[in-house]
Amino acid sequence: MNAPDLEHIARAHVVAPHPDDEAIGAFGLIAALRARGTMVDVTLVTDGGASHRESERWPRARLRDTRYAETQRVLRRAGIRHQDLRFLGYADGDLGFEGPATIARLARDLARRPRPELIVTPSMHDNHADHRAVAAAVKRAWPASIPRLSYLVWPRIEPHHPRPRGRNLRLPLRRRAAMKQAALKLYRSQFGQLVDDAQGFTIGRDLRVRFGHPVERFGRRP
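Remember, predicted model here, so these are calculated numbers, not experimental data. (Residues numbered from 1 in each chain as written. Predicted model: local features only at pLDDT ≥ 70, side-chain atom pairs only at ≥ 80, totals over all residues. Heavy atoms only, no water.)

Caption draft 1: Structural context of the overall build of the protein. Helices and strands together make up the secondary structure of the protein, namely six helices and seven strands. Written out in order from the N terminus, the α and β elements of the protein read β-α-β-α-β-α-β-α-β-β-α-α-β. Over its C-alpha trace the protein gives a radius of gyration of 16 Å, about what one expects of a compact globule, namely 17 Å for 222 residues. Across its three principal directions, the C-alpha atoms of the protein cover 50 × 40 × 40 Å. Here the protein holds 222 residues, and 51% of them are scored as buried. The contacts of the protein with a sequence gap of at least 6 include a subset with a gap of at least 24, amounting to 82%. Of note, the protein has its 40 positive side-chain charges centred 7 Å away from the centre of its 24 negative side-chain charges. (Helix = DSSP H or I, 4+ residues; strand = E, 2+ residues; numbered from the N terminus. Rg over C-alpha atoms; globule rule 2.2 N^0.38 Å. Buried < 20%, exposed > 50% of the residue type's maximum accessible area, 1.4 Å probe, protein only. Contact = heavy atoms within 4.5 Å. Lys, Arg positive; Asp, Glu negative; His and termini not counted. Charge placed at Lys NZ, Arg CZ, Asp CG, Glu CD.)

What follows is the structure in structure tokens.
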């Protein structure tokens, strides 16, 4: 199957672990849904404040505010209204190690939004612990009867790790490919703007190519 049937979805909910994951994993899908008149709620779970832990010029609060502002600019290009975007403010980098009580609390926070007809979630098979924790919370937040698509940002590279099961969906972005690539560059904090932390995260050339791929791929399970 090349693309999900988007025609009859009235409301979707896109959940992202960090500010930029929503654009990396599903910018084209979000834009396609909004173009069809679908209501799209977007929830950013963590504050994004751990990407440059050693930066003196960009302490965590400043970095958080910067990344939130970047997300708003990016999602405006996909047609997301201010009132449909929510930041939960969980600590970046800690979520995957806090245990079941935190997962349960996050599930309750996620479920406070109107019930969607489609859920877009990070993959349970992602190599980042925060992503797997968010996927677990999404699974707990809503009934399994609601269709869901999962996106993979950081694939696992262990040779014996099992591949995700289930049919995959492909969404060719076509004219939206350039839109996505331009939108990703609005995350300037992740594209080398912060230069006083040698260990800080930067989206380099290889990641730019991968994150801006003209086809978005989704699993039918988290």
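Caption draft 2: Main features of the nonpolar core. Counting residues in each nonpolar core, the largest one holds 38 residues, and the members touching the most others are L29, I30, V42, V120 and F218. Top contributing element to this core by residue count: helix 1 (residues 21-35), with nine residues. Beyond its immediate sequence surroundings of up to four residues, L29 is in contact with L6, V120, L149, L171, E216 and F218. Formed by 16 residues, the second largest nonpolar core is a distinct cluster that contains Y90, L106, A141 and I146. (Core = buried A, V, L, I, M, F, W, Y, C linked by side-chain atoms within 4.5 Å.)

Caption draft 3: Just the pairing of strand 2 (residues 39-46), in detail. When you tally the buried positions in strand 2, you get seven out of eight residues, the bulk of the element. Running through helix 1, the crossover from strand 1 (residues 11-16) to the neighbouring parallel element strand 2 is right-handed. Direction of pairing for strand 2 relative to strand 3 (residues 85-90): parallel, over a ladder of four bridges. Note on strand 3: the bridge partner recorded for T46 is Y90. The handedness of the strand 2 to strand 3 crossover, carried by helix 2 (residues 60-77), is right-handed. (Right-handed = clockwise from strand over helix to strand, strands pointing away. Pairing = 2+ DSSP bridges.)

Caption draft 4: Structural detail: helix 5 (residues 176-184). Burial in helix 5 covers these residues: R176, A177, K180, A183 and L184. All buried residues of helix 5 lie within an arc of 130° about the axis, which places them on one face of the element. At its buried positions, helix 5 is contacted by helix 1, helix 2, helix 6 (205-211) and strand 7 (215-219). (Arc of directions from axis to C-beta.)

Caption draft 5: Focus on the pattern of salt bridges. Summed over all chains, the structure comprises nine salt bridges. Here E216 and K180 are joined by a salt bridge, their closest N and O atoms 2.8 Å apart. Of the two residues, E216 sits in strand 7 while K180 sits in helix 5, which places them 36 residues apart along the sequence. Per residue, the accessibility class of E216 equals that of K180, and both read buried. Several salt bridges converge on common partners, so that one network encompasses R11, D41 and R113. (Salt bridge = Lys/Arg side-chain N within 4 Å of Asp/Glu carboxyl O.)

Caption draft 6: View of the packing of helix 3 (residues 100-110) against helix 4 (residues 129-141). Relative to each other, helix 3 and helix 4 sit at 55°, their axes nearing to 8 Å. For the element pair helix 3 / helix 4, the angle class is oblique. Helix-helix and strand crossings are classified by hand; for helix 3 and helix 4 the assignment is right-handed. Residues P100, I103, A104, L106, A107 and L110 of helix 3 lie in contact with helix 4, whose contacting residues are A133, V134, A136, A137, V138, R140 and A141. Looking at the contact of helix 3 with helix 4, its residues break down into twelve nonpolar, no polar and one charged. (Axes fitted to C-alpha atoms, helices over the stretch in contact; angles between N-to-C directions. Parallel < 35°, antiparallel > 145°, perpendicular 65-115°, else oblique. Left-handed = near helix turned anticlockwise from the far one by under 90°. Nonpolar A, V, L, I, M, F, W, Y, C, P; charged D, E, K, R; others polar.)

Caption draft 7: Expanded view of the environment of L29. Tracing the backbone shows L29 in helix 1. Since its relative accessible area comes to 0%, L29 is described here as buried.

Caption draft 8: Spatial organisation of the packing of helix 1 against helix 5. The contact between helix 1 and helix 5 brings their axes to 10 Å, and the two run at 130°. It follows from the interaxial angle that helix 1 and helix 5 lie oblique. Helix 1 and helix 5 meet at a crossing whose hand is right-handed. Of the residues in helix 5, those in contact with A23, I24, F27, G28, A31, A32 and A35 of helix 1 are R176, M179, K180, A183 and L184. Of the residues that constitute the contact of helix 1 with helix 5, the class distribution is nine nonpolar, one polar and two charged.

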